[in-house]
Amino acid sequence: MRLGPKRVLILYGGIMSIDMSNLPKHIGIIMDGNGRWAKKRGLHRTFGHREGTKRVIEIVEACYKLEIKSLSLYAFSTENWKRPESEISKLMDLLIYYIENQLEKIKKNNIKINVLGDISQLPTKVKLSVERALNETKHNDKMILNIGLNYGGRDEILRATKLVAEEVSNGNMKLEDITSDIFENYLYTSGQDELDLLIRPSGELRVSNFMLYQLAYSEFWFSDVLWPDFTEEVLLSAISDFQKRSRRYGGIDE
Ligand code: FPP
């Protein structure tokens, strides 16, 4: 598939057009449906996560080719600790596998890895691997890959609120200085473009505590496709639909 500078036509159950001058700058994905994908095949849930990791690789590459500025992936929520220990451990292993296997390519492609969430509570080997990825990509600026790890949108807002309150109580900031622009500097996505497109596969119609602040004006795109079946073409069809939306931000069309 060739991506020209302006417009590309792709065959995917018909003709689909992507306007290369109107791409979302920031895409968020709630990767869901791994367990159901595995169950449908009579496999253990962890096979779904393994297949889902392959889609992570594919979708990061697709976004890189499209020159999307930020991609945010929800890998592990603050609520996912409720899962059986064996599943949590498999998810952590897959994360390490992803980093170890992809870091060189990520570095070569000038992609910066950023974490949404508190990694201090992750198992040491995961923390070390993630810290290495953060450190070795911190100067990259072609694209930001945000990985939600032990992440919750409410936690993020509370954390930012506490950090801002601390600045005020230390005398570094006045109450009247707190604008949304200033507040956003204390979120995990500080300095990044707003979330333009939020994608959730697997048929669930909810946001599950993902990027609650950032999704204020996001376009939502839901699909029944399960995450392990979420190919580059599905991503392109989400982007194509996004481009048909009229974004008014509370205003009216001209
Ligand atoms: C939700 O599916 C998926 C997750 C909780 C984990 C997502 C993780 C990965 C795709 C792999 C590791 C991540 C990276 C960034 C390498 P589910 O298990 O809730 O599916 P179900 O609703 O069908 O049970």
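In what follows, the structure referred to is the one given above.
Reading the values: rules and limits
- Residues numbered from 1 in each chain as written.
- Predicted model: local features only at pLDDT ≥ 70, side-chain atom pairs only at ≥ 80, totals over all residues.
- Heavy atoms only, no water.
- Near = heavy atom within 4 Å.
- Polar contact = N/O pair within 3.5 Å; in protein donor to acceptor, adjacent residues only side chain to side chain.
- Areas by Shrake-Rupley, 256 points an atom, 1.4 Å probe, with all protein chains shown as cover.
- Helix = DSSP H or I, 4+ residues; strand = E, 2+ residues; numbered from the N terminus.
- Nonpolar A, V, L, I, M, F, W, Y, C, P; charged D, E, K, R; others polar.
- Pairing = 2+ DSSP bridges.
- Axes fitted to C-alpha atoms, helices over the stretch in contact; angles between N-to-C directions.
- 1 Å grid on protein atoms, 1.4 Å probe; cavity = no way out; pocket = protein on both sides within 12 Å on 5 of 7 lines; lining within 4 Å.
- Points joined across faces, edges and corners; volume = space filled by probe spheres on them.
- Buried < 20%, exposed > 50% of the residue type's maximum accessible area, 1.4 Å probe, protein only.
- Contact = heavy atoms within 4.5 Å.
- Phe/Tyr/Trp six-rings, centres within 6.5 Å; stacked < 30°, edge-to-face > 60°.

Novice: Even after reading the chapter, I still don't get the site of the ligand, so can you show me in this structure?
Specialist: For the ligand, the set of nearby residues contains 16 residues, the closest of which are Met31, Gly35, Arg36, Arg45 and Arg83. The side chain of aspartate 32 places a nitrogen or oxygen atom 3.1 Å from an oxygen atom of the ligand. In isolation the ligand has 630 Å² of accessible area, and contact with the protein removes 92% of it. Elements that contribute at least two residues to the shell around the ligand include exactly helix H1 (34–40), helix H2 (45–66) and helix H3 (85–108). When residues of the shell around the ligand are assigned to their parent elements, the largest contribution, four residues, is made by H2. Counted by class, the shell around the ligand contains five nonpolar, seven polar and four charged residues.

Novice: Got a minute to help me understand the sheet that holds strand E5 (residues 111–116) in this structure?
Specialist: Two orientations exist for strands paired in a sheet by backbone hydrogen bonds: parallel and antiparallel. With parallel pairing, the six strands of this open sheet are ordered in space as E5-E6-E4-E3-E7-E8. Across the chains shown, the open sheet's two edge strands, defined by having one partner strand only, are E5 and strand E8 (219–222). Each strand of the sheet is rotated relative to its neighbour by a mean of 20°, with strand direction disregarded. Sheet analysis places strand E3 (residues 26–30) next to strand E4 (residues 70–77), joined by five bridges and oriented parallel. Bridge pairing links isoleucine 30 to tyrosine 74 in E4.

Novice: Sorry, what's going on with the layout of surface pockets here?
Specialist: Take a probe with the size of a water molecule and roll it over the atoms, and the empty space left behind shows itself. Size it by volume and the largest pocket reaches roughly 730 Å³. Forming the walls of the largest pocket are 33 residues, and the residues nearest its centre are Met31, Asn34, Tyr74, Ala75 and Asn80. Listing elements by their share of the lining of the largest pocket, those giving two or more residues are H1, H2, E4, H3 and strand E6 (143–151). Lining the second largest pocket are 16 residues, and of these Glu184, Gln192, Glu194, Tyr213 and Gln214 lie nearest its centre. Within the lining of the second largest pocket, the residues separate by chemical class into five nonpolar, seven polar and four charged.

Novice: How should I be thinking about the environment of phenylalanine 222 in this particular structure?
Specialist: Residue position: phenylalanine 222 is located in strand E8. You can call phenylalanine 222 partly exposed: its relative accessible area is 32%. Along the sequence, phenylalanine 222 and asparagine 109 sit 113 residues apart, while their C-alpha atoms lie 29 Å from each other. Residues within four places of phenylalanine 222 in sequence aside, it is in contact with Arg200, Glu204, Leu205 and Arg206.

Novice: It is not clear to me how the packing of aromatic side chains should be interpreted in this structure. Could you clarify?
Specialist: Within a pair of aromatic rings, the relevant descriptors are the distance that separates the centres and the angle that separates the planes. Under the defined criterion, the tally for this structure stands at nine aromatic pairs. Residues phenylalanine 76 and tryptophan 81 carry aromatic rings whose centres are separated by 4.8 Å and whose planes lie at 75° to one another, so their mutual orientation is edge-to-face. Overall, tryptophan 81 belongs to the partly exposed group, its relative accessible area being 31%. One aromatic cluster in this structure is built from Tyr74, Tyr151, Tyr188 and Phe210.

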